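# Secondary and tertiary structure notes
Here is how the chains run, residue by residue.
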Amino acid sequence: IDADVLGRQRTGDETHVRNLLRTLPGPAADAGLRLAAVTRRPDLVPPGVEALELRARSQELRMAWSLPRLLRRLGAALVHTQYAIPLRAPCPAVVTIHDLSFEDPALMSSRDRLVFRTVVPRAARSAARVLTVSERTRHDLVARYGLAPDRVVVTPNGVDPAFRPDAAPADNARNSLLQAPFALVVGVIMALAGAGVAGTRP
């Protein structure tokens, strides 16, 4: 698992990887798989996952040279990444593409949009499988990049253990929300839009 986002405060991307590393050791062990996290922050890798430190001066250099070389040295059978896959990867790659928000010019800088619009289509077309978190994004990936529908798999995000019903008595304002149906929506893009902030990379 490419876990370079650990410690970089990359909102949902980091949360996604952190929870993969938290929940996959058990199933991986049951399947006889060796699970490793490639990261610049091995101290943030949870128990049960082998931490492999990899540093690079730039993401471009890392994806073009350092990560492929490490995968080759390890004899990796599969690599999981987000949005981009290593150039000349020596093994099949599975890429998670959470959404195509980078296609909207109001949501990130021109430079970041250029990078995403270059690497994401290549990753989507080259990966053995594309994972995404919603049927909406699956539809967008198939329509925009011409992917075969059976290559794009919806894997909805789980619920962090922090989000659970409060066991305390529901007789105060803090718990009153639990007494009626409600929807909790958590998202950086919507928060930025609500605050009137545009052109900011989440």
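Our subject is the structure that appears above.
Notes on the structure follow.

Calculation rules
Residues numbered from 1 in each chain as written. Predicted model: local features only at pLDDT ≥ 70, side-chain atom pairs only at ≥ 80, totals over all residues. Heavy atoms only, no water. Helix = DSSP H or I, 4+ residues; strand = E, 2+ residues; numbered from the N terminus. Buried < 20%, exposed > 50% of the residue type's maximum accessible area, 1.4 Å probe, protein only. Phe/Tyr/Trp six-rings, centres within 6.5 Å; stacked < 30°, edge-to-face > 60°.

## As for unusual backbone geometry
- One non-glycine residue, Y83, lies in the positive phi region at around 70°.
- Structurally, the position occupied by Y83 is in the loop between β3 (79–82) and β4 (93–96).
- Residue R88 is not a glycine yet carries a positive backbone phi of 50°.
- The topology assignment puts R88 in the loop between β3 and β4.
- Given the relative accessible area of 60%, R88 is considered exposed.

## Remarks on the packing of aromatic side chains
- According to the stated counting rule, one finds two aromatic pairs in the structure shown.
- For the pair Y83 and F116, a centre-to-centre distance of 5.4 Å together with 70° between the ring planes defines the contact as edge-to-face. With Y83 in the loop between β3 and β4 and F116 in helix α4 (residues 110–126), this residue pair connects regions lying 33 residues apart in the sequence.
- What makes Y83 buried here is its relative accessible area of 8%.
- The interplanar angle of 35° and the centroid separation of 5.5 Å between the aromatic rings of F102 and F116 together place this pair among those described as tilted. Pair noted here: F102 is in the loop between β4 and α4 and F116 is in helix α4, with a separation of 14 residues, a long-range link. In this pair, the class of F102 matches that of F116, namely buried.
- In this structure an aromatic cluster arises from ring pairing among Y83, F102 and F116.

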